[in-house]
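Notes for the structure review
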Amino acid sequence: MTDPPPRKSYRIEDLAHRSGTTVRTIRAYQDKNLLPRPRRQGRINLYSDLHLTRLRQITHLLDRGYTLASIGELLDAWDTGRGLGGVLGLVTEVEGPWTDEQPTRITRAELNARFGGVPDDDAVTEALELGVLEPVMDDSDTFLVPSPQELYVAVELHSAGVPLSAIAGHLRELRGDIEHIAARFLEFTTEHVFARYLDGPSHRTDAHADEAASLVRRLRPLARQTVDAELARAMRLFAVRHLRTGLAAGNPPKPSEGKRCVELPADVIGAVEALVGREQTSAFLALAAERELRARALDNMITKRHPDAVVDQIP
């Protein structure tokens, strides 16, 4: 019978070097119970390949944007036998691409040519802020285009006469609406599909995680298919309505009554974002304006009936 190979042992300095981290970080992870305690040999702490693997897992999850608290829960799943491998497989599936588009690269000269041949540094800066373009390391004249379709739409709108600033503003507004749709779809599928994988430790095994990952692959295209179908229906409905209105009046159709862009001071927007979050800013401002209008309407009704009444005005 062959003896098993001896387990490798590392001092903390060696472990830090091999894992690409620091001694201070390793000790911090130990304090947060993210790492098992080392083996004590005399006055020396010795670590094993288990610690090295765990450190690499933590680094991998941190790079994906997970907090130390959520990493602790995942590692706890592993330590209690619920299967970290399956959970990481599910994480990989969810974080995978949700589109068949392949990113491309474009040079600054090519970008200028597509938008009329005139350089516009402000437009490029805004495109970078929106993520329509991404910088390329060590090459300031080349950009990554995550969604070639989105760039194509911007090119076509600009060639039709739409200013780049208006295109960027429209994208910001549209992105807020789309993020709301995505959040609602995830809430819906979580409630009716994935809740059973989240309720109770018995449903967090590798097998259950693999099944959930398979469902993600099946459900991934459904949101986009639904939005495509509903957008086509709505566009046909409103396009016909706009055309009839324009022909009947003999004038071009008026802007949509559903939403309009209004300029507000940047400090006001910043204060509201700090209060309720960026995703809720538009809804908060709309509700605040609606409340003010209703209050003024009530004041007006009281004043008409009792002209001498003193009505407190809302500041």
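Position numbers for residues count from 1 along each chain, tracking the sequence in the order it is written. The predicted nature of this model means local features are confined to residues of pLDDT at least 70 and side-chain atom pairs, given and counted, to a pLDDT of 80 or more, with totals for whole chains, interfaces and linings taken over all residues. With hydrogens and water stripped out, all remaining heavy atoms of the structure feed into the side-chain values.

A word on the overall build of the protein
Cut-off, in case you're wondering: A run of H or I in DSSP becomes a helix once it reaches four residues, and a run of E becomes a strand once it reaches two; helices and strands are each numbered from the N terminus. For every residue, the accessible area (1.4 Å probe, protein chains only) is compared with the maximum for its type, and the residue is labelled buried under 20%, exposed over 50%, or partly exposed between those bounds. Whether two residues are in contact is decided by their heavy atoms, any of which lying within 4.5 Å being enough. Only the protein chains shown count as covering a residue, and every accessible area follows the Shrake-Rupley method with a 1.4 Å probe.
Along the protein, the regular secondary structure elements total twelve helices and five strands. Of all 315 residues assigned to the protein, the portion counted as buried reaches 23%. Pairs at least 24 residues apart make up 54% of the contacts formed inside the protein by residues separated by at least 6 positions. Counting every atom, the protein has about 23,100 Å² of accessible surface; 57% of that belongs to carbon and sulfur.

Quick word on the sheet that holds strand β5 (residues 139-145)
Note the cut-off: Here the rule is simple: two strands pair whenever DSSP picks up at least two bridges between them. As a rule, the C-alpha atoms of each element are fitted with a line to give its axis, helices using only the stretch in contact, and angles between N-to-C directions run from 0 to 180 degrees.
The three strands lie next to each other as β3-β5-β4, forming an open sheet whose pairing is antiparallel. Two strands close off the open sheet at either side, each with one partner strand: β3 (104-107) and β4 (134-136). Geometrically, the sheet is characterised by an average inter-axis angle of 40 degrees between neighbouring strands, direction not taken into account. Note that β3 and β5 share four bridges and pair antiparallel. Bridged to Thr-104 within β5 is Val-145.

A short note on a nonpolar patch on the surface
Applied cut-off: The patches described consist of residues with a relative accessible area above 30% and no salt bridge, like charges being joined within 9 Å and nonpolar side chains (Val, Leu, Ile, Met, Phe, Trp, Tyr) within 5 Å. Here, a salt bridge means any side-chain nitrogen of Lys or Arg that lies within 4 Å of a carboxyl oxygen of Asp or Glu.
A cluster of nonpolar side chains, contributed by Tyr-152, Val-153 and Leu-157, occupies part of the molecular surface with about 280 Å² of accessible area. Here Val-153 shows up in helix α8 (residues 148-159).

Describing the pairing of β5
Two elements, β4 and β5, share three bridges in a ladder whose sense is antiparallel. Counted as the bridge partner of Glu-134 is Leu-144 from β5. From the end of β4 to the start of β5, which pair antiparallel, there are two residues, and Asp-138 there has a positive phi angle of about 65 degrees.

Digging into the confidence of the model for the protein
If pLDDT is low for a region, its predicted coordinates should not be looked at in detail. Rules: A score between 0 and 100, pLDDT records how confident the predictor is in each residue.
The predicted model of the protein has a mean per-residue pLDDT of 79, with 78% of residues at 70 or higher. Put simply, helix α5 (residues 84-95) is where the protein has its lowest mean pLDDT, 64, and β3 is where it has its highest, 95. The low-confidence segment residues 1-6 (pLDDT under 50) makes zero contacts with residues lying over four places distant or belonging to another chain. Contacts of residues 309-315 to residues separated by more than four positions or lying in other chains number eight contacts, the stretch itself having pLDDT below 50.

Considerations on the packing of helix α1 (residues 12-19) against helix α2 (residues 23-31)
To keep it simple, the criterion reads: Each angle receives one of four descriptions, namely roughly parallel if under 35 degrees, roughly antiparallel if over 145, roughly perpendicular if within 65 to 115, and oblique otherwise. In this count, Pro and Cys sit with the nonpolar residues alongside Ala, Val, Leu, Ile, Met, Phe, Trp and Tyr, while Asp, Glu, Lys and Arg are called charged and the others, Gly among them, polar.
Axis separation between α1 and α2 bottoms out at 9 Å; the angle between their running directions is 100 degrees. Taken together, the axes of α1 and α2 are roughly perpendicular relative to one another. In this structure, α1 uses Ile-12, Glu-13, Leu-15 and Ala-16 to contact α2, whose residues at the interface are Val-23, Ile-26 and Arg-27. For the contact of α1 with α2, the residue count by class is five nonpolar, no polar and two charged.

Observations concerning the pattern of salt bridges
Throughout the structure, instances matching the rule amount to six salt bridges. As a salt-bridge pair, Asp-141 and Arg-108 come within 3.5 Å of each other at their nearest N and O atoms. Within this pair, whereas Asp-141 is found in strand β5, its partner Arg-108 is found in helix α6 (residues 108-114), the two being separated by 33 residues in sequence. According to the relative accessible area criterion, Asp-141 is partly exposed, its value standing at 44%. Look at the salt bridges and you will find they share partners, linking Arg-108, Asp-121 and Asp-141 into a network.

Examining α1
Stated precisely, the cut-off is as follows: Note: the arc covers the axis-to-C-beta directions of the helix.
Residues of α1 that are buried: Ile-12, Leu-15, Ala-16 and Ser-19. Viewed end-on, α1 has its buried residues packed into an arc of 100 degrees, placing them on one side of the element.

Re the packing of α1 against helix α3 (residues 49-63)
Going by this rule: It is the rotation of the near helix from the far one that decides the hand of a crossing: anticlockwise by less than a right angle makes it left-handed, clockwise makes it right-handed.
Taken N-terminus to C-terminus, the directions of α1 and α3 make an angle of 40 degrees; their axes are 10 Å apart at the nearest point. Put simply, α1 runs oblique to α3. Like other packed secondary-structure pairs, α1 and α3 cross with a definite hand, here right-handed. Contacts between α1 and α3 involve Leu-15, Arg-18 and Ser-19 on the former and, on the latter, His-51, Leu-52, Leu-55 and Arg-56.

Structural notes on unusual backbone geometry
One can expect most non-glycine residues to show negative phi and most peptide bonds to be in trans. With phi around 60 degrees, Asn-33 is a residue other than glycine that occupies positive phi space. Inspection of the secondary structure puts Asn-33 in the loop between α2 and β1 (39-41). Look at Asp-138: it is not a glycine, yet its phi comes out positive at around 65 degrees. Of note, Asp-138 is situated in the loop between β4 and β5. What makes Asp-138 exposed here is its relative accessible area of 81%.

Topic: α3
Filter applied, for reference: Each residue after the first adds 1.5 Å to the expected span of a helix.
Between its first and last C-alpha, α3 extends 21 Å over 15 residues, near the 21 Å set by a 1.5 Å rise per residue. Residues of α3 that are buried: His-51, Leu-52, Arg-54, Leu-55, Ile-58 and Leu-61. Once α3 finishes, Gly-65 follows within two positions and takes phi at roughly 100 degrees, a positive value.

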